[in-house]
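An overview of the molecular structure
If you want the building blocks of each chain, they are given just below.
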Amino acid sequence: MRFLLRRMGFYLFTAWAAITLNFFIPRLLPGDPVQSLINKYHGRLSTDAIDSLRVLFGLNTHTTVWQDYLTYWGNLLHGDFGISFTYFPTPVAEVMVQSLPWTLMLVGISTILGFVLGTLAGVGLGWRRGTWLDSLLPVANFFSAIPYFWLGLIAIAIFGVALPIFPASGGYDGGLLPSFSLEFIGSAIYHAALPALTIVLSSVAGWILGMRNMMVTVSSEDYVTVAQAKGLPERRVMFGYAARNAVLPSISGFALSLGFIVGGTLVTEMVFSYPGIGYVLFQAIGSKDYPLMQGVFLIITLSVLVANMVADFAYAFLDPRTRQEA
Amino acid sequence: MSLVRNPKALAGMIILAFFVLIAIIGPWIAPYNPSKVGPDSLQPPSPAHWLGTTNTGQDILSQLIVGTQGVMVVGLVAGILATIISVIVGVTSGFLGGLGDEVLSLISNVFLVIPALPLIIIIAGLLPSAGGLTIALVIALTGWAWGARVLRAQTLSLRNRDFVEAARANGEPMWRIIFFEIMPNLTAVIASGFIGTVIFAILSEVTLAFIGVTSISTWNWGTVLFWAQSSQALVQGAWWWFVPAGLCIAAVGTSLTLINFGIDEFVNPRLRNTAASAGILRRKKIRARIGFTPVYRGEASAKKGMS
């Protein structure tokens, strides 16, 4: 219990740090972004939007930084992230509420799938080291060095354009309206197949390599030899003794590399014009929509923190030592 | 150095050396000016244009050759800066212990958990002009935490070893203990952290260029892909526009990972022996069983069998 409480404290602190970073970054950087935005939009920004921008960038000279900081927190707690220019006059919060479920489904499912498949393959490769299976390692190595978005481009070129099996962009058939009908869900799954495949393929290699090396290390431990000597079935030694211990660094690694993977998947969404948070971020970058960029950064960070917390619970469940620490 | 004798590391170093060479001499050997608009639009590879042309007739091979420099410089600068930060934070926090350690590892854990790419995007997106070195700086500021964490753990385990205790008992000053007793034992960890950061920096930079956050006027592999994507190269089937750039990224990434494997095997003998003796074991029809680390010590001991 104490372990989990400490981790919760850490995540609360990290959330605070991310939110505070988000507040200070625009203030620390040089230049007057608001003026350049007003110029860029040729007077199409309403005075309301300009005012909220001045507050966002700390250019409101009547108030101190501390007052701004409190206002910022007050706004955040009310779910007010400002107004997006790209989707003017929709508030940032609303844009994100619409796109977040798409990302959670796509990234959530494919990341977990990649982790599970990669770990299982790593168990097998580590157990059967020194056989022909080792020749798969350079392939995994190569895949782990490919950027997500490029694999996405290749997937589109092959399965979207050359052999049009899967749709190359979008999240659902343009003729349908989002609803919980069978037809819509089917179309959503059909559109998600290619981006999901890309994410699984790009992330799986890293897990295979990490898990394989841990298996090689763990399977030389005495308790594995003893389990083998007792004549336990090989499957039991492999999963119950070796893999169970070898998977621990992978799980804490899962938590730590999630930030990296999420970054890659956001770009995958951009490539596929998938209606998730990554595509929203892409459009925000294109039109220099700072409120939206910052809102997206916050929501991604908070989601990653929640996912990390889940990984910690899993870790505590698998490793009794963390539970008895107190 | 025995790292050169490791086939994986050697292969990695050869590939890397090739790209470093291109980065240095690139501007002189590029057959065309990469930005020069030509009459042959969207041509597949031909003797005149080895990797074809863009929709405005620019030579893609030249873009890749000239762009190598940008990729390598950013990777190297970001890698060096991030390694310096991670050594300072990691070694200090591991060596000091106590409150200082708590604070420093808290900071590095926070940076580890916050997703780096979105953070880089909001910083780079707010900067008036994001050139190569600025991007390298931002990447270094967000990418040092992993190295610091590993170094801290390693320093912690070294701190109370006998040789450090002995140095302390001899009355050596702290800076001497850190630089002459502890640091030499961290070389491999620092090197592999550096290489990992360079991979991260190159992938981040290319990704940023691809999504159009950084300046698109200078050439790098990400810029090539940016133009390919925004000019509908995919729909037009212009594979020569986007395939080579990605292969270059993957080749550099693979070469760095191979070097890192070499370092890993250098540090962890279990991995080394597994890799080195796999072929010998197969020839001798010995199946690697659990509980045994196959050790190959030249032909003499191989005849006697594996221990």
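Just so we're clear, the structure is a prediction, and the values are computed from it rather than from any experiment.

1. A word on the overall build of chain A
- Assigned secondary structure in chain A consists of 13 helices and 0 strands.
- Among the 326 residues that make up chain A, the fraction classed as buried is 51%.
- When contacts within chain A are restricted to residue pairs at least 6 apart in sequence, long-range pairs at least 24 apart make up 74% of them.
- Split by element, the accessible area of chain A, about 15200 Å² in all, is 70% carbon and sulfur.

2. What to know about the side chain of Glu269(A)
Residue and element names in this part refer to chain A.
- Mapped onto the elements of the fold, Glu-269 is located in helix H10 (residues 234-272).
- At a separation of 3.2 Å, a polar atom in the side chain of Glu-269 contacts the main-chain amide nitrogen of Ile-277.
- Here Glu-269 is in contact with Thr-103, Leu-106, Val-107, Tyr-274, Gly-276, Ile-277, Gly-278 and Tyr-279, once residues within four sequence places are set aside.

3. Observations concerning the environment of Ile216(B)
Residue and element names in this part refer to chain B.
- Structurally, the position occupied by Ile-216 is in the loop between helix H9 (174-210) and helix H10 (221-230).
- Ile-216 sits in the partly exposed class, given a relative accessible area of 33%.
- Measuring from C-alpha to C-alpha, the distance between Ile-216 and Pro-173 comes to 51 Å, with 43 residues separating the pair along the chain.
- Beyond its immediate chain neighbours, meaning those up to four positions away, Ile-216 contacts Thr-223, Phe-226 and Trp-227.

4. Overview of the interface of chain B and chain A
- Each side of the interface is counted separately: chain B has 56 residues, and chain A has 63 residues.
- Taken over both partners, the interface formed by chain B and chain A buries close to 5300 Å², and the fraction arising from carbon and sulfur atoms is 75%.
- At the junction of chain B with chain A, the criterion picks out 0 salt bridges.
- Joining chain B to chain A, the criterion identifies 1 residue pair in polar contact (both at pLDDT 80 or more).
- Contributing elements (two or more residues each) for the side of chain B that touches chain A: helix H4 (98-113), helix H5 (116-126), helix H7 (145-159), H9, H10, helix H11 (239-267) and helix H12 (269-283) of chain B.
- Among the elements that take part in the side of chain B that touches chain A, H11(B) stands out by supplying 11 residues, more than any other.
- Of the residues that constitute the side of chain B that touches chain A, the class distribution is 38 nonpolar, 13 polar and 5 charged.

Definitions and limits used
Residues numbered from 1 in each chain as written. Chains lettered and ligands numbered in written order. Predicted model: local features only at pLDDT ≥ 70, side-chain atom pairs only at ≥ 80, totals over all residues. Heavy atoms only, no water. Helix = DSSP H or I, 4+ residues; strand = E, 2+ residues; numbered from the N terminus. Buried < 20%, exposed > 50% of the residue type's maximum accessible area, 1.4 Å probe, protein only. Contact = heavy atoms within 4.5 Å. Areas by Shrake-Rupley, 256 points an atom, 1.4 Å probe, with all protein chains shown as cover. Polar contact = N/O pair within 3.5 Å; in protein donor to acceptor, adjacent residues only side chain to side chain. Buried area = accessible area lost by both parts, 1.4 Å probe. Salt bridge = Lys/Arg side-chain N within 4 Å of Asp/Glu carboxyl O. Nonpolar A, V, L, I, M, F, W, Y, C, P; charged D, E, K, R; others polar.

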